[in-house]
Amino acid sequence: MKKLFALLLAVTMALAITACSSSGGSEDSIKIGLLAPLTGEVAQYGLSVSSGAELYIKEINEAGGINGKTIEVIKYDEQGDATEAVNNYYRLVDDGVVGIIGDVTSAPTVAVAQASVEDNMPMVTASATDPSVISYGSNFFQACLNEPYQGTTMASFAANELGVTSAATIYNTGDDYSIGCNDAFVEQCGELGVQVLAQEGYADGDVDFNAQLTSIIASGAQAIFCPNYYQDDGMIVTQARTLGFTGYILGVDGWTNTHEYTDPENLYDCYFCTSFAIIDDEKINEFAEAYRAENDKDPGNFEALGYDAAMVLINGIKAAEDAGLEAGSDEYKQAVIDGIANGVVEGVTGEISYDGTGAPTKSIMIVSLDSGSPEFYMNY
Amino acid sequence: MIFFQQLLNGLQLGSIYALVALGYTMVYGIILLLNFAHGDIIMVGAYVSWAVMTRLQLGPVTAVFASILLCTLLGVIIEKVAYAPLRSAPRLSLLITAIGVSYFLENGAQLIFGADGKNMTAIFSIPNLTIGSLTLSSTALVTLAVTILAMMGLLVLVHKTKMGKAMRAVSEDMGAAQLMGISVNATISFTFAIGSLLAGIGSVLYSNIYQMATPTMGSMLGLKAFVAAVLGGIGSIPGAMIGGFAVGFIEIFVSAIKIGQQSLSVWRDAVVFAILIIVLVVKPTGIMGHKVREKV
């Protein structure tokens, strides 16, 4: 047994060494890092983001790379764990990457953001919506819209466009994203004079929302704000409609696939804000087609944000390469960061620019599910 | 009015728990094994319903029969492969094996179907009953009726048939039952078949209400049903029924209670498991269970 174990250990080490040497790369390539949970509880988000990012890198390389240099991606799995994420961040630094796409979920991203400040490492997260990830240093950028912005937008939309005067919320109390959106929504409702009649919580893994929805319906709220991920949202919509709720149901960008998780006839008067949805648009169709060709399924919000995060980082690297700086030097890193901060990219989730902070200035759209599938409603 | 609506919500949730608890209690009553894989058999049944309806497009009737049949089969296979070789082993080994089977099924499903949930359309849809401002989903009524029928069927099976007599004999004394000419293996297999058949029916009704199959859906459902079975008195068939409804009502009412602006909904699981602890400490035999004197 011991011998077998020793043998296994030796094989693993040998493999690890070959892996290291093969990632050495040549002089004509630029190394960037990709940090994401590829296994474990949140693997679905990590896999989505990385497939989107890799699609963009592949397209860039096919188009000749940056000034003739190809982009090489070094990808590490952090399993959704903050400690693993920081360890893998240092591995990427040792590998000599010039910028990193990542991380994916908020808690590990906060840990990596704190670690990356010291190295002034250019980083772009596709999907960590927690506003604190950009608060540690000027080297960190988000491609996604943060939670307060989404919650605030939906409150304003409800009040100004739908004429709602009372609302209730139902959110996952075990998820920072849900809590962040919910708090912002409630605060903005207060500003706009919309009465929030009930705030109902539920726990991870719950499937029966009837008790909370009954309380909400009894409160007489005109709209239910439901800032969660699509699986839960689908069940909430089904149960709310079964209980006889006929008002508005509003969501945020976690709603992208909600229409696949409930019957179409339940989706009337459902709206959510997002920066990406598969709607009929030339740029989006082109992206969706390219994505389908590689992955054999439709891209969602995480895939689109991964694609755009890669685009933002590559845009910064272009600036540094054009200036002819030495890869990995302090000037190079600063040039990448400046390139991102001053650049404007035409992403699939909208035009992305940065207004002095790491949070993007980009348009947010409202998507209507009235017809049973996502349709562009308005820019907000 | 809102109180009555919550009562109906409790009835719907409770009837699912009761149905699952019946399967638990039945297996425990005969061979004293807590079959922790019971909830996961329901998960497999839900995936079968989804596959038959969404992937193969074979319609709801086929889905119902396929789920029930495959669950029954799966239960018998699990018994033969995982539990039968351990018949003379200490009870703890069986319990650990059951937990192992549960993990095996969960991770197997994740490997085959992916971590994302699968949505399906309702298996049978009948319009909801509306009385004034009260809405009772008709699926809840169907679930309730099926649960009550299942309980009565089980009572008849255990107390009035020859097979039931064999089951009771095996439960009382396995060795003596064998000496009296009862095939212990066949009886235990039959018990598992019936338990898993109930899981299959449960999976159909569950999929019909929540329209979702996820790899981990069985674990929490199984645990809640376990609490229901213990509360009602594990091993007692009417007890499982009472326990199931009690847990359903408790969950709904904990969610409905409000202290100021804050509702207690996130405490529902905590309250349910607190009940398990209290029952085990204060009255381990539950509501309907009776104490069996240990023979020396």
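Residues numbered from 1 in each chain as written. Chains lettered and ligands numbered in written order. Predicted model: local features only at pLDDT ≥ 70, side-chain atom pairs only at ≥ 80, totals over all residues. Heavy atoms only, no water.

1. Section: the overall build of chain B
Definition in use: Numbering of helices and strands runs from the N terminus; a helix is a DSSP stretch of H or I covering at least four residues, while a strand is a stretch of E covering at least two. Only protein chains enter the calculation, and the probe is 1.4 Å; a residue is then buried if its accessible area is under 20% of its type maximum, exposed if over 50%, and partly exposed in between. It only takes one pair of heavy atoms within 4.5 Å for two residues to be counted as in contact.
The number of helices and strands found in chain B is eleven helices and six strands. For chain B, the C-alpha atoms occupy an extent of roughly 60 × 50 × 35 Å along the three principal directions. The 296 residues of chain B split such that 51% are buried. Within chain B, residue pairs in contact and separated by at least 24 positions form 76% of the contacts whose partners lie at least 6 positions apart.

2. Brief notes about helix 9 (residues 217–232) of chain B
Residues and elements named next belong to chain B. This is how it is decided: Here the expected length of a helix is defined as 1.5 Å per residue gap, with one fewer gap than residues.
If you check helix 9, its first and last C-alpha atoms are 23 Å apart, about what 16 residues at 1.5 Å a residue would give, namely 22 Å. Within helix 9, 13 of the 16 residues are buried, which leaves it mostly tucked inside the rest of the structure. Once helix 9 finishes, G233 follows within two positions and takes phi at roughly 105°, a positive value.

3. Focus on the sheet that holds strand 1 (residues 29–36) of chain A
All names here are of chain A. This is how the line gets drawn: Here, strands pair whenever DSSP counts at least two bridges between them. Think of each axis as a best-fit line through the C-alpha atoms, taken over the contacting stretch in the case of a helix, with angles from 0 to 180 degrees between the N-to-C directions.
Taken together, five strands build an open sheet; the order of strands is 2-1-3-4-5 and the sheet is parallel. For this open sheet the edge positions go to strand 2 (70–77) and strand 5 (140–142), each flanked by a neighbour on one side alone. In the sheet, strand 1 pairs with strand 2 via eight bridges, with the strands oriented parallel. Bridge pairing in strand 2 links I30 to I71. With respect to the sheet, helix 2 (residues 43–62) is in contact with strand 1, strand 2 and strand 3 (100–101), its orientation differing from that of strand 2 by roughly 165°.

4. What about the packing of aromatic side chains?
Residues and elements named next belong to chain A. Put simply, the rule is: Note on aromatic contacts: the rings of Phe and Tyr and the six-membered ring of Trp form a pair at centre separations within 6.5 Å, being stacked when their planes are under 30 degrees apart, edge-to-face when over 60 apart, and tilted otherwise.
A full pass over the atoms with the stated rule returns 29 aromatic pairs over all chains. For the pair F157 and Y377, a centre-to-centre distance of 6.0 Å together with 90° between the ring planes defines the contact as edge-to-face. With F157 in helix 5 (residues 147–160) and Y377 in strand 15 (residues 375–379), this pair connects stretches of sequence that are 220 residues apart. Residue class for F157 comes out buried when judged on its relative accessible area of 0%. With relative accessibility at 39%, the residue Y377 sits in the partly exposed group. Through a chain of ring-to-ring contacts, three or more aromatic side chains come together here, namely Y56, F276, F287, Y291 and Y307.

5. Brief notes about the pattern of salt bridges
We apply this condition: Basic side-chain nitrogens of Lys or Arg form a salt bridge, by our definition, when they fall within 4 Å of a carboxyl oxygen of Asp or Glu.
Inspection of the entire model under this criterion finds 13 salt bridges over all chains. A salt bridge links E303(A) to K297(A), with the shortest nitrogen-to-oxygen separation between them at 3.5 Å. The partner of R87(B) in a salt bridge is E79(B), and the shortest N-O contact between them spans 2.2 Å. Residue E79(B) is classed as buried on the basis of its relative accessible area, which comes to 0%.

6. Quick look at the environment of E200(A)
Positionally, E200(A) belongs in strand 7 (residues 195–202). Assessed through its relative accessible area of 0%, E200(A) is described here as buried. A C-alpha to C-alpha distance of 54 Å links E200(A) and A323(A), two positions 123 residues apart in sequence. If we skip the residues at most four places from it in the chain, E200(A) touches T169(A), I170(A), Y171(A), Q212(A), S215(A), I216(A), S255(B), K258(B), S263(B) and S265(B).

7. Considering the state of the cysteines
Residue and element names in this part refer to chain A. In plain terms, the rule: Any two cysteine sulfur atoms within 2.5 Å of one another count as a disulfide.
Inspection of the entire model under this criterion finds zero disulfides over all chains. Considering cysteine sulfurs only, C181 is the nearest to C189, which forms no disulfide, with 13 Å between them. For C189, a relative accessible area of 1% corresponds to the buried category.

8. Overview of the packing of helix 1 (residues 2–31) of chain B against helix 10 (residues 237–256) of chain B
All names here are of chain B. The following threshold applies: Note on terminology: angles under 35 degrees are roughly parallel, angles over 145 are roughly antiparallel, angles of 65 to 115 are roughly perpendicular, and the others are oblique. A clockwise turn of the near helix away from the far one marks a right-handed crossing, whereas an anticlockwise turn of less than a right angle marks a left-handed crossing. Under the convention adopted here, Pro, Cys and the residues Ala, Val, Leu, Ile, Met, Phe, Trp and Tyr are nonpolar, Asp, Glu, Lys and Arg are charged, and Gly plus all remaining residues are polar.
Closest axis-to-axis distance for the helix 1/helix 10 pair is 6 Å, and the angle between their directions is 140°. Relative to helix 10, the element helix 1 lies oblique. For the element pair helix 1 and helix 10, the recorded crossing hand is right-handed. In the contact of helix 1 with helix 10, the residues fall into 17 nonpolar, eight polar and one charged.

9. Things to note about the interface of chain B and chain A
Defined as follows: The term buried area denotes the loss of accessible surface (1.4 Å probe radius) that occurs when two parts are joined, taken as the sum for both partners.
Taken together, the contacts link 29 residues of chain B with 29 residues of chain A. The junction of chain B with chain A conceals about 2400 Å² of combined surface from both sides, 46% of it contributed by carbon and sulfur atoms. In this structure, the connection of chain B to chain A is made through one salt bridge. A salt bridge links K258(B) to E200(A), with the shortest nitrogen-to-oxygen separation between them at 3.5 Å. Put simply, the parts of the chain that give the side of chain B that touches chain A at least two residues each are helix 1, strand 1 (118–119), helix 8 (184–210), helix 10 and helix 11 (268–282) of chain B.

10. Examining the domain arrangement of chain A
By a widespread convention, an interface's size corresponds to the accessible area lost as its parts come together. Residue and element names in this part refer to chain A. As a reminder, the rule being used: For the purposes of this description, domain bounds are those given by an automatic or database domain assignment. Whenever two N or O atoms come within 3.5 Å, that pair is a polar contact, provided that in protein one can donate a hydrogen and the other can accept it, and provided that, for residues adjacent in sequence, both atoms are side-chain atoms.
Each assigned domain of chain A is listed here: domain 1 (30–144 + 283–361) and domain 2 (148–274). On a C-alpha basis, the centroid separation for the pair domain 1 and domain 2 is 31 Å. Facing the six residues of domain 1 at the interface are eight residues of domain 2. Taking both partners together, domain 1 and domain 2 bury about 640 Å²; carbon and sulfur atoms supply 54% of that area. Three residues stand out in domain 1 for area buried against domain 2, namely Y45, T129 and N301, and they jointly supply 58% of the buried area on that side. On inspection of domain 1 and its partner domain 2, the count reaches zero salt bridges. Here domain 1 is connected to domain 2 by one residue pair in polar contact (both at pLDDT 80 or more).

11. Some remarks on the nonpolar core
Generally speaking, soluble globular proteins have nonpolar side chains that are buried together. The criterion, for reference: The nonpolar core is taken to be a set of buried Ala, Val, Leu, Ile, Met, Phe, Trp, Tyr and Cys residues, with the residues joined through side-chain atoms within 4.5 Å.
Formed by 160 residues in total, the largest nonpolar core has its most connected members in I32(A), I170(A), L213(A), I314(A), I317(A), L22(B) and Y83(B). Here this core takes 13 residues from helix 1 of chain B, the largest share from any one element. Summarising the domain contributions, this core has at least three residues from each of domain 1 (30–144 + 283–361) and domain 2 (148–274) of chain A. With sequence-adjacent residues up to four places away left out, L213(A) is seen in contact with I170(A), I224(A), I236(A), Q239(A), A240(A) and L243(A). Listed in part, the 24 residues of the second largest apolar core include L145(A), F157(A), A158(A) and L162(A).

12. Points about the side chain of T214(B)
Tracing the sequence through the fold places T214(B) in the loop between strand 4 (212–213) and helix 9. A relative accessible area of 15% means that T214(B) is categorised as buried. Not counting residues up to four positions away in its chain, the partners in contact with T214(B) are Q231(A), M43(B), Y47(B) and G117(B).

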